[in-house]
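Coordinates in review
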Amino acid sequence: MVGPNRPQNYSIMYNVHKFILAALICVGANSCKSETKSFSNDQKWESRAEKVSIIRDEFGVPHIYAKTDADAVFGLLYAQCEDDFNRVEQNYIWAIGRLAEVEGEEALYSDLRAKMFMTEEEAKENYEKSPDWLKKLCDAFADGINYYLYTHPDVKPKLLTHFEPWMPMYFSEGSIGGDIERISIAKIKAFYESGMEIPTTSDTVRQPAAHFEEPQGSNGIAISGKLTRSGNAMLLINPHTSFFFRGEVHVVSEEGLNAYGAVTWGQFFVYQGFNEHTGWMHTSTYTDVMDEFKESIVEVGDQLLYQYGEELRPVVISEIILKYIEAGRLKERSFPIYRTHHGPITHMEDGQWTASAMMWEPVKALEQSFVRTKKSDYKGFREMMDMRTNSSNNTVYADSGGNIAYFHGNFIPKRNEGFDYSKPVDGSDPKTDWQGLHSVDENIMLLNPENGWLQNCNSTPFTAALEFSPKKENYPDYMSIDQENFRGVHAIRLLTDSKGYTLDGLIKMAHDPYLPAFEALIPGLVKAYYGQDARDPKLGDAIATLEKWDFKTSKESVAMTLAHYYGTAISKMAKSPPGLSDMEKMIYFGTESPMGERLQVFGTVVDQLTSDFGLWKVPWGEENRYQRLNGDIIQAFDDNKPSIPIGFASGRWGALAAYGARYDNGTKKIYGTRGNSFVAVVEFGEKLKAKSMLAGGQSGHPESPHFNDQAQRYADAEFKDVAFYREDVLKSAKETYQPGQRQ
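Residues numbered from 1 in each chain as written. Predicted model: local features only at pLDDT ≥ 70, side-chain atom pairs only at ≥ 80, totals over all residues. Heavy atoms only, no water.

A few words now on the environment of P131. In this structure, P131 sits in the loop between α6 (120-128) and α7 (132-151). Remark: the alpha-carbon pair of P131 and E367, spanning 236 residues in sequence, is separated by 9.1 Å. Ignoring sequence-local partners within four residues, the contact set of P131 consists of V363 and E367. (Helix = DSSP H or I, 4+ residues; strand = E, 2+ residues; numbered from the N terminus. Contact = heavy atoms within 4.5 Å.)

See the structure below:
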């Protein structure tokens, strides 16, 4: 049995397997030469485990206590593995470039992409050159996972039977994939398999799937004490991720670590969260942090060179051997990797080899991710931002000193504004090279705006605090896309002229049911229907339902069901002018698109609902569901099995409490897969107060009481009180144990 509820004879089973498991781990890692060495590891792990205490509260949240940061990290990784080793392992299989060994040949180019930016040898070198304190954390990371495997002989890894301290170098910040995910695997594949020619647009640009995907993103809102009832600053931490992508943890040491929040499975730092004095929320940034350089390649004799100004420089060539599984057997394939000073060659553009440049300082990035969690005031937090490696994120901040702040991006290369970096630039022209990094003070940022609040919902920074926002004309164009979305519009509407906030009031605001996209879209549909001389009678009642609607989502709303499917369908079926943002398309479809087209699309929606459910009058909660059947990373859904009605809506329509679904399940109902995941509201006063919620539950094991114990609370927006102080943790404690000793 996997998970917290182990059989009573576990300790006997543990002893029987003790030396066998140590030997297997050593063999699997090829890191031990003798039984003496394995016994040494055994002693080291057990000695470290004795220094760690894990307290599980009534929701299964682990509170890890240790004397040193390194021992706390050991306990943190051990606890994460208890909750969901499957996801811990999967994240590292992907990150270190060994996915094809599990998923087969189709994953080779994902692995190649990882190795293009850092080989295993380079990862080891980065670990070795890390400062001693960081090496200790990396060692503790590996020890914590390996001790979990050692004490859990029933757990069978898909691939990684032993974890190494260099592995975190591949996974140094907690975003979903981070910057490297922006490098197109399809283009890499085309470069290597299509005669060095770029594929057609249809091959390389991700096409809309049979469904309308939930946009990635998050919400961060900070409110100063002058607008709160208590006089204390508050922070909304509201990431939108795939469900179960992060766990909820609390990790404490006697070296100043006391962080609570969301941790991406397998990482040793709290990615979005708070300590007693500071809180940080990350939203995906639209700052331009990556560039492509078209290289002019020439072959001179047997040497490959590239033009740079008036000189020819050698292309650095190396070889990577990747493994992949096929018919149950491991095979190998060799790839040459080409590199210029701009970065690795990843694809072709206009017939030229093209290098991709992005932030790649794994040691420094890992340092910043951990150091962030220990800062006790704005001064320290601001100094931490000077490390400038948090490249894929914006940061919304609040603290116990009453400060609120917003940092738009962190790693921003200086560029020659005479070139358009939204497209590949000429790598042979030295003027296109990055010219160092902008300082944090040069970046777009806000500190304590006069209106008393700030927000970012993956929207333009130039409306972050209304009239007190940064001014677009003061910054280079590449610092931000000046693009609004309906979540940003919604947040501004709620925040403007509001005051008297409490934690419960902030939760209520974060779940406000109004959907501004439909206020832009639906009146145009109603107008189209009543503007027709010959009105289709089958649409009359459905149009009347929408006409009376207040654009608010709820489980009971039939209009919400109609609007959701109409918005989804018109986005897929109707034409719009090129270059429009998602928000601009909705406005276009509501005001300028052909009237007949609107009605034709709506007719197909009514027909489909009638076909699926026997009538179109389907309340939103009957159609929009939450279901968690097992611990699989890609969830399966079944209309015939229990599920929970959800009143939330897609962030595409402006819902702050975003709830995105997948539509390719073979089901008639839709089931959430991403959106609100870990959510917290925090008040920074003389004593910290916080409430939190986690989609589903803490554990990835269906037999655990914490697999789905927060599901109904999630649907009802019923947050739990965070046990932050030791006395509160002890009051809520349900289990207290050392790693390896859980009963």
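We are not done yet, so read on.
With that out of the way, let us pick up the packing of helix α15 (residues 537-547) against helix α16 (residues 558-573). Any two packed helices are characterised by the angle at which their axes cross and by the distance between the axes. For the pair α15 and α16, the least separation of the axes is 9 Å and the interaxial angle reads 105 degrees. Between α15 and α16, the interaxial angle falls into the category roughly perpendicular. Judged by residue contacts, A542, T545 and L546 of α15 engage V558, A559, L562 and A563 from α16. Looking at side-chain class alone, the contact of α15 with α16 contains 6 nonpolar, 1 polar and no charged residues. (Axes fitted to C-alpha atoms, helices over the stretch in contact; angles between N-to-C directions. Parallel < 35°, antiparallel > 145°, perpendicular 65-115°, else oblique. Nonpolar A, V, L, I, M, F, W, Y, C, P; charged D, E, K, R; others polar.)

Further remarks concern helix α11 (residues 378-385). For α11, the buried fraction is high: 6 of the 8 residues fall into the buried class. Within α11 the residues assigned to the buried category are Y378, G380, F381, R382, M384 and M385. Those residues of α11 that are buried lie in contact with β8 (278-284), α10 (362-371), β17 (393-399), β18 (404-407) and β20 (445-447). (Buried < 20%, exposed > 50% of the residue type's maximum accessible area, 1.4 Å probe, protein only.)

Right, let's talk about the nonpolar core for a bit. Counting residues in hydrophobic clusters, the biggest one holds 102 residues, and the most contacted among them are L112, F141, F163, Y192 and F268. Residue contributions to this core peak at 15 residues, all from helix α3 (residues 69-95). Residues contacting F141, with those up to four places away along its chain left out, are V73, L77, Y92, F163, E164, M167, P168, G266 and F268. Core analysis: the second largest hydrophobic core is formed by 44 residues, A517, L539, A563 and A649 among them. (Core = buried A, V, L, I, M, F, W, Y, C linked by side-chain atoms within 4.5 Å.)

Right, let's get into the pairing of strand β6 (residues 258-264). In terms of residue burial, β6 counts as a mostly covered element, since 6 of its 7 residues are buried. The pairing of strand β5 (residues 246-253) with β6 spans 7 bridges and is classified as antiparallel. What sits directly across from R246, in β6, is T264. Between the antiparallel neighbours β5 and β6 lie 4 residues, among them G256 with a positive phi of about 100 degrees. Where β6 meets strand β7 (residues 272-274), 3 bridges bridge the pair, whose relative direction is antiparallel. Residue pairing in the sheet places Y260 in a bridge with F274 of β7. (Pairing = 2+ DSSP bridges.)

Right, let's talk about the sheet that holds strand β11 (residues 303-308) for a bit. Read from one edge to the other, the open sheet built from 3 strands follows the order β10-β11-β12, with strand pairing classed as antiparallel. Edge positions in the sheet fall to β10 (297-300) and β12 (311-314), since each has one partner strand and no second. Along the sheet, successive strands turn relative to each other by an average axial angle of 45 degrees, direction set aside. When β11 meets β12, the two strands line up antiparallel, connected through 4 bridges. The residue bridging L305 from the neighbouring strand is P314, located in β12.

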